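Descriptive structure summary
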Amino acid sequence: MSDTVIRVENLSKKYVLSHQQKGGSSSYNSLRDTITEGAKSLSQKLLKPSDHKTFYPNREEFWALRDVSFEIKQGDTAGFIGRNGAGKSTLLKILSRIVEPTQGKISIKGRVASLLEVGTGFHPELTGRENIFLNGAILGMSRAEIKRKFDEIAAFSEVEKFLDTPVKRYSSGMYVRLAFGVAAHLDPDILIVDEVLAVGDAQFQKKCLGKMEDIGKQGRTILFVSHNLAVVQSLCNRGIFLKQGSVFADVSASEAVSIYLQTLEQSASKNLLERTDRRGKGQVRLAQVQVSTGGENPSTTLAIGRPASFIFHVTSIIPGMSCTFTLYDQHGQPVASFNSATHSQEDLNVPELGMKLICEIGELLLVPGRYRMNVAIFSNGELQDHVEAAAILEVEQGQLRGRPIASGTEYGSVCIPHRWSLVG
Ligand SMILES: Nc1ncnc2c1ncn2[C@@H]1O[C@H](COP(=O)(O)OP(=O)(O)OP(=O)(O)O)[C@@H](O)[C@H]1O
Ligand SMILES: [Mg+2]
């Protein structure tokens, strides 16, 4: 296989979902639970669309990956992108040999170090120090080799003071620091990193990205999953876009990102209720998002400095309903998020019993451009519906408190009202 270090052939992974009894779910769900719930309710809908609430099969098959094939060459930095539930983590877990594939095969040349979701790779009862040695041993390193790397790992992770504390007492940030330090410094041939960078603070994330760049420059191979498309574009030479468990595009990172963003835009143009790419319990669903400037002559084209209003229509009345939405810029970076469950004195009423949730913005601070909106509907904290790219917004140029803001003249996505003075 010459310089091919990873070959994945016709890989598929099936999960069997066993259904819980009605009423057994708690209001606090992990992301994984929420995703699994989404898959369940989606397939229930497919099985019996008109009455999925009363249909409870005990067992159901779900293909998280379907017929995935690709090759990774020595020195490639491959970014895996795709929506929630697309199969990215499942793929990395199979490549890290944590999960067995159902069909297909993988061949890997070299030592693999993985940094997957928080909670994998470390033994909770062991101290940071012991875990460093354990991980090194798993990677096949001698004690002397690990000792040589030890100080570097401790310094990079910035957890020196806690090296003799069991890692179960670590905060999630400390845990990720140490896990990244270990994975990145034990000289793996292949480094697999799943999204965990989102846990650390901005400074640490920068440090991790710098380290990954160094590792890439040394000719090592990196597989990286991230929702941060700007990072994928800057770090990766290849982009693999997974869609519903299959490879949709295997191209350069920037092409993969633009294909991904295009598919999001295409989804946004579909009728919301016809879309099946959603997750959540589904007792109430987002039916429509209306965007307008509000006021006496409402327009659907927003402009910087003007009022904006977002109306979220839902399919039924449900107690304790709330809505969150996040706006993303055209590079896929989150710009701002809004949550109706966090109350302010300015809220007109507590949105509980109604079919519409309305969010009004007095003065839109977004610079001219195109933005995408992800929306989630909750009832008493339980995810009912989550739709990515539920709407696309166009923000036109305009004036912010009298200061003209033209298209293409601003850096960043947000304009902050401000005042200059010349004193002397
Ligand atoms: N242990 C499991 N049992 C059942 N289903 C699972 C399991 N792990 C993952 N799945 C399902 O497989 C699908 C793919 O999940 P995966 O975690 O790989 O997605 P992802 O692309 O990493 O998503 P995200 O962007 O949200 O992290 C999801 O629908 C998920 O619900
Ligand atoms: Mg994942």
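Residues numbered from 1 in each chain as written. Chains lettered and ligands numbered in written order. Predicted model: local features only at pLDDT ≥ 70, side-chain atom pairs only at ≥ 80, totals over all residues. Heavy atoms only, no water.

**Notes on the pairing of strand β8 (residues 238-243)**
The condition that has to hold: The cut-offs for exposure are 20% and 50% of the maximum accessible area for each residue type, with area from a 1.4 Å probe on protein chains only; residues under the lower value are buried, those over the upper are exposed, and the others partly exposed. By definition, any uninterrupted DSSP run of H or I lasting at least four residues is a helix, any uninterrupted run of E lasting at least two residues is a strand, and each is numbered from the N terminus. Two strands qualify as a pair provided DSSP detects at least 2 bridges between them.
Buried residues dominate β8, accounting for 5 of its 6 residues. The pairing of strand β3 (residues 77-81) with β8 spans 4 bridges and is classified as parallel. Counterpart to Phe80 in the pairing with β8 is Ile240. Sheet topology places β8 next to strand β9 (residues 246-252); 6 bridges connect them, and they run antiparallel. Paired with Ile240 across the bridge in β9 is Asp250.

**Observations regarding the site of ligand 1**
Under the convention used in this document: By convention in this text, a residue qualifies as near a molecule or strand provided that one of its non-hydrogen atoms is within 4 Å of it. Between N or O atoms, a polar contact is any pair within 3.5 Å; within protein, one atom must be a potential hydrogen donor and the other a potential acceptor, and residues adjacent in sequence are included only when both atoms are from side chains. Just so you know the grouping, Ala, Val, Leu, Ile, Met, Phe, Trp, Tyr, Cys and Pro go in nonpolar, Asp, Glu, Lys and Arg go in charged, and all remaining residues, Gly too, go in polar.
Taken together, 16 residues lie near ligand 1, and Gly85, Lys88, Ser89, Thr90 and His227 sit nearest. Within the side chain of Asn84, one N or O atom sits 2.9 Å away from an oxygen atom of ligand 1. Here His227 contributes a side-chain N or O atom positioned 2.8 Å from an oxygen atom of ligand 1. The class makeup of the residues in the shell around ligand 1 is 6 nonpolar, 7 polar and 3 charged.

**Some details on the sheet that holds strand β13 (residues 308-314)**
The condition is simple: Axis definition: a line fit to C-alpha positions, over the contact stretch in the case of helices; interaxial angles, taken between N-to-C directions, run 0 to 180 degrees.
In spatial order, the strands read β11-β13-β16; together these 3 strands make up an open sheet with antiparallel pairing. Both edges of this open sheet fall to β11 (286-292) and β16 (356-361), since each of them pairs with a single strand only. The sheet shows a mean angle of 15 degrees between the axes of neighbouring strands, direction not considered. In terms of strand pairing, β11 meets β13 through 6 bridges, oriented antiparallel. The residue of β13 that forms the bridge with Val289 is Phe312.

**Some thoughts on the state of the cysteines**
So the rule is basically this: To count as a disulfide, a pair of cysteine sulfur atoms needs to be within 2.5 Å.
Throughout the structure, instances matching the rule amount to 0 disulfides. Of the cysteine sulfurs around Cys359, a residue in no disulfide, the closest is that of Cys323, at 7.9 Å.

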